[in-house]
Amino acid sequence: MSVKEADVLLALDAIQLPDGKKLGSSGRVTGIVINDGKVICAISIDAPEAATMEPVRASAEAKIRALPGVTTALVGLTAEKAPTRGATTPPPAGARPMPQATSKPASLPGVKHIIAVASGKGGVGKSTTSCNLALGLAALGLKVGILDADIYGPSQPRLFGLRGKPRLVGPRMLEPMERYGVKVMSIGFLIEDDAAMIWRGPMVISAITQMLREVAWGELDALVVDLPPGTGDAQLTMAQQTPTSGAVIVSTPQDLALIDARRGIAMFQKVNVPLLGVIENMSSFCCPNCGHVSPIFGHGGARAEAEKLGVPFLGEVPLDMNIRATSDDGRPIVATEPDSPHAKIYKDIAAQVWASLTGGGAARPAPKIVIE
Ligand code: ADP
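The notes below deal with the structure included here. The structure presented is a predicted model; accordingly, all values stated were derived computationally and were not measured.

### Let's talk about unusual backbone geometry
Here's step 1: With a phi close to 50 degrees, Tyr180 is a non-glycine residue in the positive phi region.
Here's step 2: Within the secondary structure, Tyr180 sits in the loop between strand 8 (177-179) and strand 9 (182-186).
Here's step 3: A residue is classified by how much of its surface remains accessible, and Tyr180, at 29% relative accessible area, is partly exposed.
Here's step 4: Despite not being glycine, Asn272 shows a phi value in the positive range, around 60 degrees.
Here's step 5: Here Asn272 is to be found in the loop between helix 7 (255-270) and strand 12 (275-286).
Here's step 6: According to the relative accessible area criterion, Asn272 is exposed, its value standing at 52%.

### Quick look at the pattern of salt bridges
Here's step 1: Applying the stated criterion to the full structure yields 13 salt bridges.
Here's step 2: Notably, a salt bridge pairs Arg57 with Glu61, separated by 2.9 Å at the nearest N-O pair. One end of the pair, Arg57, and the other, Glu61, are both in helix 2 (residues 50-65), four residues apart, so they sit about a helical turn from each other.
Here's step 3: In this structure Glu61 comes out as buried when scored by relative accessible area, which is 0%.

### Remarks on empty space enclosed by the protein
Here's step 1: Tallying each qualifying case throughout the model produces two cavities of 30 Å³ or more.
Here's step 2: There is about 40 Å³ of room inside the largest cavity.
Here's step 3: Together, Leu258, Ala261, Ile265, Val278, Ala302, Glu305, Ala306 and Leu309 line the largest cavity.
Here's step 4: Secondary structure elements with two or more residues in the lining of the largest cavity: helix 7 and helix 8 (301-309).
Here's step 5: When residues of the lining of the largest cavity are assigned to their parent elements, the largest contribution, four residues, is made by helix 8.
Here's step 6: Here the lining of the largest cavity is built from residues that sort into seven nonpolar, no polar and one charged.
Here's step 7: Here the second largest cavity defines a volume of roughly 30 Å³.
Here's step 8: Taken together, Ala116, Val225, Leu227, Met238, Ala239, Thr242, Thr244 and Phe268 make up the lining of the second largest cavity.
Here's step 9: The residue makeup of the lining of the second largest cavity, split by class, is six nonpolar, two polar and no charged.

### What to know about the pairing of strand 4 (residues 111-118)
Here's step 1: Most of strand 4 is tucked away: seven of the eight residues are buried.
Here's step 2: Two elements, strand 4 and strand 10 (residues 220-226), share six bridges in a ladder whose sense is parallel. Residue pairing in the sheet places Val117 in a bridge with Asp226 of strand 10.
Here's step 3: When strand 4 meets strand 11 (residues 246-251), the two strands line up parallel, connected through four bridges. Its bridge partner lying in strand 11, Val117 is registered against Val248.

### Structural notes on helix 1 (residues 5-12)
Here's step 1: Of all the positions in helix 1, only Val8, Ala11 and Leu12 are classed as buried. For helix 1, the arc enclosing every buried residue in end-on projection is 100 degrees, short of the 170-degree limit, so these residues lie on one face. What points out from helix 1, more than 90 degrees from its buried face, is the exposed set Ala6 and Leu10.
Here's step 2: Buried residues in helix 1 make contact with strand 1 (29-35), strand 2 (38-44) and helix 2.

### Points about the site of the ligand
Here's step 1: Near the ligand there are 17 residues, and of these Gly125, Lys126, Ser127, Thr128 and Pro318 occur at the shortest range.
Here's step 2: Measuring from an oxygen atom of the ligand, one finds a backbone N or O atom of Val124 at 3.1 Å.
Here's step 3: The side chain of Thr128 places a nitrogen or oxygen atom 2.6 Å from an oxygen atom of the ligand.
Here's step 4: Coverage of the ligand by the protein amounts to 84% of the 570 Å² it exposes when considered alone.
Here's step 5: Taken together, the elements giving at least two residues each to the shell around the ligand come down to helix 3 (126-139), strand 12, strand 14 (313-319) and helix 9 (321-328).
Here's step 6: The greatest single-element share of the shell around the ligand, amounting to four residues, is contributed by helix 9.

### A few points about the environment of Arg57
Here's step 1: Residue classification places Arg57 among the buried residues on the basis of a relative accessible area of 9%.
Here's step 2: Not counting residues up to four positions away in its chain, the partners in contact with Arg57 are Ile43, Val75, Gly76, Leu77 and Glu214.

### Here we look at the packing of helix 3 against helix 11 (residues 341-357)
Here's step 1: Orientation of helix 3 relative to helix 11, taken along the N-to-C sense of each, is 70 degrees, at an axis distance of 8 Å. With respect to helix 11, the element helix 3 is oriented roughly perpendicular. Side by side, helix 3 and helix 11 meet where Thr128, Thr129, Asn132, Leu133, Gly136, Leu137 and Ala139 of the first sit next to Tyr346, Lys347, Ile349, Ala350, Val353 and Trp354 of the second.
Here's step 2: Grouping the amino acids of the contact of helix 3 with helix 11 by side-chain chemistry returns eight nonpolar, four polar and one charged.

Rules of the game
Residues numbered from 1 in each chain as written. Predicted model: local features only at pLDDT ≥ 70, side-chain atom pairs only at ≥ 80, totals over all residues. Heavy atoms only, no water. Helix = DSSP H or I, 4+ residues; strand = E, 2+ residues; numbered from the N terminus. Buried < 20%, exposed > 50% of the residue type's maximum accessible area, 1.4 Å probe, protein only. Salt bridge = Lys/Arg side-chain N within 4 Å of Asp/Glu carboxyl O. 1 Å grid on protein atoms, 1.4 Å probe; cavity = no way out; pocket = protein on both sides within 12 Å on 5 of 7 lines; lining within 4 Å. Points joined across faces, edges and corners; volume = space filled by probe spheres on them. Nonpolar A, V, L, I, M, F, W, Y, C, P; charged D, E, K, R; others polar. Pairing = 2+ DSSP bridges. Arc of directions from axis to C-beta. Contact = heavy atoms within 4.5 Å. Near = heavy atom within 4 Å. Polar contact = N/O pair within 3.5 Å; in protein donor to acceptor, adjacent residues only side chain to side chain. Areas by Shrake-Rupley, 256 points an atom, 1.4 Å probe, with all protein chains shown as cover. Axes fitted to C-alpha atoms, helices over the stretch in contact; angles between N-to-C directions. Parallel < 35°, antiparallel > 145°, perpendicular 65-115°, else oblique.

Here you go:
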């Protein structure tokens, strides 16, 4: 007999929340998806509750897993609202001031720095850049992992030329795959190709949180997180719930992309994640026949914009057939043609990112940006 939503909620009523309510009937359980014995759902929280609600999340997972017919349970905490940090509403007259909420997510043991790679929209080369950035960091001699959080279109398995399922180590930890000296985890290893289509915000966040915390990353100097494109609630919550050291924004030079990129910058500003800088991808086209370089998208826009906004500009990656071919072939250029001019660009960007993270560079808090 297959498990029903009502069974899940009933089982969750056995868990009492800190405010005395029963979890199942509290209205906090959202996005229940049941598929072939797999149950995925989220518990809505306010961002500052993240630490106190973690044991509730873990017990909810155990309760669901214990139901007959359930093979896998995946429960995440989701704070759809931005944290109240910096809120300007004055307290009511006579009220005692509330202590400042600290919603900093718990760090990931063994992982020194988490670098989020974001873009305002899809198709700008965020995944290609994340992959080559991770390889560039590895080329510096660092221990590096990459988490493909682009749940709507996971590309890291293809970029790294990896197939198969990750191994389970211990009762619930997954072992990341490894290629070119980089540890790789992707939702693409865990679900069928078209399954991602049905995923909604809270489920996305559940899956990402789990991939972050229930993967045996081991000791890493840097974990690159390839975020889903865009700057919606899911991305914002993820930026909030991930203990990110800094963020990189990938943009193409077109104006529209830059408006989107500005939204990306504003998103990290909202959650107080330092901006490591902007990368202009597909900044110019280099003809494979004659070597002539054409600025087909009006090259230089991202640099000018970054300067205007006071965000570090990390570099320009040209639109190049070889970058596309090696990416689509699972032979990323930094790993397979490490001495090529394009690999050098990515490696320079990686060196700047690392310098910023370790205090030798220009990482700075996100500037104030207003989007009309
Ligand atoms: P996103 O993650 O932003 O959706 P991808 O990294 O998947 O974008 O890139 C989209 C397509 O563009 C892929 O086919 C990729 O090979 C190609 N691409 C990305 N960057 C470059 C580049 N600098 N030169 C040529 N092709 C690129």
